[in-house]
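Structure assessment
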Amino acid sequence: MMHVRATLIVLALAGSSPVLASDPCADFIPQPKPQNASRDIVGQDIDQIMDRGFMTFAVYDDYPPYSWTEAGKPRGIDIDIARIIAEDIGVEARFKFVNAGENLEADLRNNIWQGPVIGGAVSNVMMRVPYDSAFSCRVEQVVFTGQYMTESIAIAYVQDTYPDGGPVPAYFRFDTVAVENDSIADFYLTSFAGGQLSAGIRRYPSMQAAMEALASGDVMAAMGPLAQLEFGAAEGIAVHQPPLPGFAKSKWTLGTGSHYAYRGLSYTVDDAIFAALSDGRIEAIFESYGLTHHNPER
């Protein structure tokens, strides 16, 4: 299966133009509000959630280290952070594993403010939503709060292959590098130096598969999100973050999304995340998976 989650980030952030540097909502165009939708479709407010005793979270399916199932039980960074939110509210966390859609707007429409065309319903909160001020203006049906981490692009490599330090993109004119197909790293390397790296790029259906190829010696390096590289790094593999020339957005903030009509819920989620960042609980979650946590750039 082709994963397009990193592509969603590109689409979410690609709409910025120079004028937005001073006013992120300068090109704002009002968006349609949900119409002809029942209360069950558009979600529940914080009081209803507390009365029923549980809240629902949309998380991406088969996406370690963020969200996946193991022996039938949900696991991952986003799962554990969602449980912190639910615990703070005093309810049970329930999870809806979803596939990435055509773009981020489609994901938010299907999982937060309208629901899928066929079957299913929206969730109260969606995890791992990239935050960008210009994008938040374009999608006014969703409130973007609860930023809990900064994700960034890195390169993993076999230490014995590069004893003097990790590779930089220019190395991949001659060396092989694994990427997730149609990911932000794939797009970057494909366009780097006028396509001069094309022969060295090896594409895999997931970042997990790319890291397995690195561990088995099929490639010399792998490029992708830092947390995924750290999670998949076997013995003898190091991860570094060299300068990436021409990379307009090599890091981005991730948080939560919730329905615009239920701002009380979004504020409560934001408070829970802030408290967990402040007292170290979120950092501890990352450490439990062998990962480095980077605070969100608020």
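Everything discussed here concerns the structure shown above.
Fair warning: this is a prediction, and the values are worked out from it, not measured in the lab. (Residues numbered from 1 in each chain as written. Predicted model: local features only at pLDDT ≥ 70, side-chain atom pairs only at ≥ 80, totals over all residues. Heavy atoms only, no water.)

1. Digging into helix H5 (residues 104–113)
Counting buried positions over the ten residues of H5 gives seven, a clear majority of the element. Of the positions making up H5, those classed as buried are Leu 104, Ala 106, Asp 107, Leu 108, Asn 111, Ile 112 and Trp 113. (Buried < 20%, exposed > 50% of the residue type's maximum accessible area, 1.4 Å probe, protein only. Helix = DSSP H or I, 4+ residues; strand = E, 2+ residues; numbered from the N terminus.)

2. A short note on the pattern of salt bridges
What the rule picks out here adds up to six salt bridges. Between Arg 75 and Glu 70 there is a salt bridge, with the nearest N and O atoms lying 3.3 Å from each other. Taking relative accessible area as the criterion, Arg 75 reaches 29% and is therefore assigned partly exposed. Given a relative accessible area of 41%, Glu 70 falls into the partly exposed group. Between Asp 78 and Arg 128 there is a salt bridge whose closest N-O contact spans 2.9 Å. Taken together, the residues Asp 78 in helix H4 (residues 77–89) and Arg 128 in strand S5 (residues 125–131) connect sequence positions 50 residues apart. (Salt bridge = Lys/Arg side-chain N within 4 Å of Asp/Glu carboxyl O.)

3. Things to note about the nonpolar core
Met 55, Leu 108 and Met 223 are the most contacted members of the largest nonpolar core, which totals 69 residues. The element contributing the most residues to this core is H4, with eight residues. Apart from the residues within four sequence positions on either side, Leu 108 is in contact with Trp 113, Met 126, Val 129, Phe 135, Val 139, Val 142 and Phe 144. (Core = buried A, V, L, I, M, F, W, Y, C linked by side-chain atoms within 4.5 Å. Contact = heavy atoms within 4.5 Å.)

4. Regarding H4
The end-to-end C-alpha distance of H4, which contains 13 residues, comes to 19 Å, matching closely the 18 Å that a straight helix rising 1.5 Å per residue would cover. Along H4, the residues that are buried comprise Ile 77, Asp 78, Ile 79, Ile 81, Ala 82, Ile 84, Ile 85, Ala 86 and Ile 89. Backbone geometry just after H4 places Gly 90 at a positive phi near 95°. (Expected span 1.5 Å × (residues − 1).)

5. A word on the side chain of Asp 175
Mapped onto the secondary structure, Asp 175 falls in the loop between strand S6 (142–158) and strand S7 (177–180). The side chain of Asp 175 is buried and forms no salt bridge, while Arg 202, the nearest opposite charge, is found at 10 Å. One polar contact links Asp 175 to Tyr 162, side chain to side chain, over a distance of 2.7 Å. Residues in contact with Asp 175, not counting those within four places in the same chain, are Tyr 162, Gly 200 and Met 220. (Lys, Arg positive; Asp, Glu negative; His and termini not counted. Polar contact = N/O pair within 3.5 Å; in protein donor to acceptor, adjacent residues only side chain to side chain.)

6. Some words on the environment of Arg 173
Here Arg 173 is to be found in the loop between S6 and S7. On the accessibility criterion, Arg 173 (34% relative accessible area) is partly exposed. Taking C-alpha positions, Arg 173 is 10.0 Å from Leu 189, a pair spaced 16 residues apart along the chain. Beyond its immediate chain neighbours, meaning those up to four positions away, Arg 173 contacts Ala 193, Gln 196 and Leu 197. A distance of 2.8 Å separates a polar atom in the side chain of Arg 173 from a polar atom in the side chain of Gln 196.

7. Brief notes about the side chain of Gln 44
Secondary-structure assignment places Gln 44 in the loop between helix H2 (39–42) and helix H3 (46–52). One polar contact links Gln 44 to Arg 52, side chain to side chain, over a distance of 2.8 Å. Within polar-contact distance, the side chain of Gln 44 engages the side chain of Asn 124 at 3.3 Å.

8. With respect to unusual backbone geometry
In the segment running from Pro 64 into Pro 65, the intervening peptide bond is cis, with an omega of 5°. Inspection of the secondary structure assignment puts Pro 65 in the loop between strand S1 (54–60) and strand S2 (68–70). Positioned with a positive phi, Asp 62 is a non-glycine residue whose angle comes to about 50°. With respect to the helices, strands and loops of the structure, Asp 62 is situated in the loop between S1 and S2. The backbone of Ala 71 sits at a positive phi, close to 55°, despite the residue not being glycine.

9. Remarks on the packing of aromatic side chains
Counted by the stated rule, this structure contains nine aromatic pairs. A centroid spacing of 4.5 Å and a plane angle of 20° characterise the contact between Tyr 188 and Phe 247, whose relative ring orientation is stacked. With Tyr 188 in helix H7 (residues 184–191) and Phe 247 in the loop between strand S10 (237–240) and strand S11 (251–259), the pair connects residues that are 59 residues apart, well separated along the chain. In this structure Tyr 188 comes out as buried when scored by relative accessible area, which is 7%. Each member of the aromatic cluster is reached from another via a ring pair, and the members are Tyr 60, Tyr 63 and Tyr 66. Above the face of the Tyr 66 ring, Arg 128 is positioned so that its terminal group lies 3.5 Å from the ring centre. (Phe/Tyr/Trp six-rings, centres within 6.5 Å; stacked < 30°, edge-to-face > 60°. Lys NZ or Arg CZ within 6 Å of the ring centre and 35° of its normal.)

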